[in-house]
Amino acid sequence: MFSRKQFGYRSFSRSKAGNGSLATSRIKLRWEAIEKENQAIKIAKEQGIKYVPIVFENEDTPKQLLARSRYIIAKKTNEWTPNQKVRAELLFKIYPHLHQAYKHTLEFRNIYEQTSKELAKEQFLNWIEKTKLLKLNDFNTAANSLKYHLETILNFFIKRHTNANAESFNSKIKLFRANLRGVVDVKFFLFRMEKLFA
């Protein structure tokens, strides 16, 4: 098996630190909106009146707004369609905490535009510190992982290579091993591996 330390730590990189933490924030808010709506429906039933949901100017309810913004927060602002711009503006006005998390995610992604390892290291450390200052709890796991694997991640900035090929090859080995229902004869397994993948 190949080591991640030889390359930039691809499996962590952008998705885990940025999009994953941001998506967690959005999902939490959506569940809160669903719970509020359920409680409002229950109260309306008890009072014998018809429940009328809150509808924003773009005709989304709170839970719809949060569900439909899933792909918006995964894109940069210049990639939004006119409809997405309207929805994003509304989303960030109603949920300023989510806007803060979105900007923090973009800052993380922008670090990968750097060509200098030293500058990237400085920016990563600043990002970790800012995560603590902003009290973005959904980003704490990502910040801690980043801090722990920082030297390995910084290898990406030497030649801008990831460990994608190594990860892909490791997956092929695991699949091959699974198809054989395990390995009894290691020498024969390695021989077959050599013939198939060399």
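Our subject in this report is the structure included herewith. (Residues numbered from 1 in each chain as written. Predicted model: local features only at pLDDT ≥ 70, side-chain atom pairs only at ≥ 80, totals over all residues. Heavy atoms only, no water.)

### Some thoughts on a nonpolar patch on the surface
Part 1 of the reasoning: On the surface, Val 183, Val 186 and Leu 190 cluster together to form a nonpolar patch covering roughly 240 Å² of accessible area.
Part 2 of the reasoning: Tracing the chain through its elements places Val 183 in the loop between α9 (164–179) and α10 (186–197). (Patch = residues over 30% accessible without salt bridge, like charges linked within 9 Å, V, L, I, M, F, W, Y side chains within 5 Å. Areas by Shrake-Rupley, 256 points an atom, 1.4 Å probe, with all protein chains shown as cover. Salt bridge = Lys/Arg side-chain N within 4 Å of Asp/Glu carboxyl O. Helix = DSSP H or I, 4+ residues; strand = E, 2+ residues; numbered from the N terminus.)

### Some remarks on helix α4 (residues 96–111)
Part 1 of the reasoning: When the terminal C-alpha atoms of α4 are compared, their 23 Å separation across 16 residues agrees well with the 22 Å that a helix rising 1.5 Å per residue should span.
Part 2 of the reasoning: Turning to α4, its buried residues are Leu 98, Ala 101, Tyr 102, His 104, Thr 105, Leu 106, Phe 108, Arg 109 and Ile 111. (Expected span 1.5 Å × (residues − 1). Buried < 20%, exposed > 50% of the residue type's maximum accessible area, 1.4 Å probe, protein only.)

### Points about unusual backbone geometry
Part 1 of the reasoning: Its identity as a non-glycine residue notwithstanding, Glu 59 has a phi of 70°, on the positive side.
Part 2 of the reasoning: Mapped onto the fold, Glu 59 is located in the loop between α1 (13–47) and α2 (62–68).
Part 3 of the reasoning: Its relative accessible area of 64% is what places Glu 59 among the exposed residues.

### With respect to the environment of Phe 108
Part 1 of the reasoning: If you trace the backbone, Phe 108 turns up in helix α4.
Part 2 of the reasoning: For the pair Phe 108 and Trp 127, spaced 19 residues apart in the sequence, the C-alpha separation amounts to 7.0 Å.

### What to know about α9
Part 1 of the reasoning: Helix length check: α9, at 16 residues, gives a terminal C-alpha distance of 23 Å against a target of 22 Å (1.5 Å per residue), a fit within 8%.
Part 2 of the reasoning: Close packing links the buried residues of α9 with α10. (Contact = heavy atoms within 4.5 Å.)

### Re the environment of Ile 158
Part 1 of the reasoning: Take Ile 158: it is sitting in helix α8 (residues 156–159).
Part 2 of the reasoning: Residue class for Ile 158 comes out exposed when judged on its relative accessible area of 53%.
Part 3 of the reasoning: Between the C-alpha atoms of Ile 158 and Ser 116, which are 42 residues apart in sequence, the distance is 7.8 Å.

All we've got here are geometric facts, nothing functional implied.
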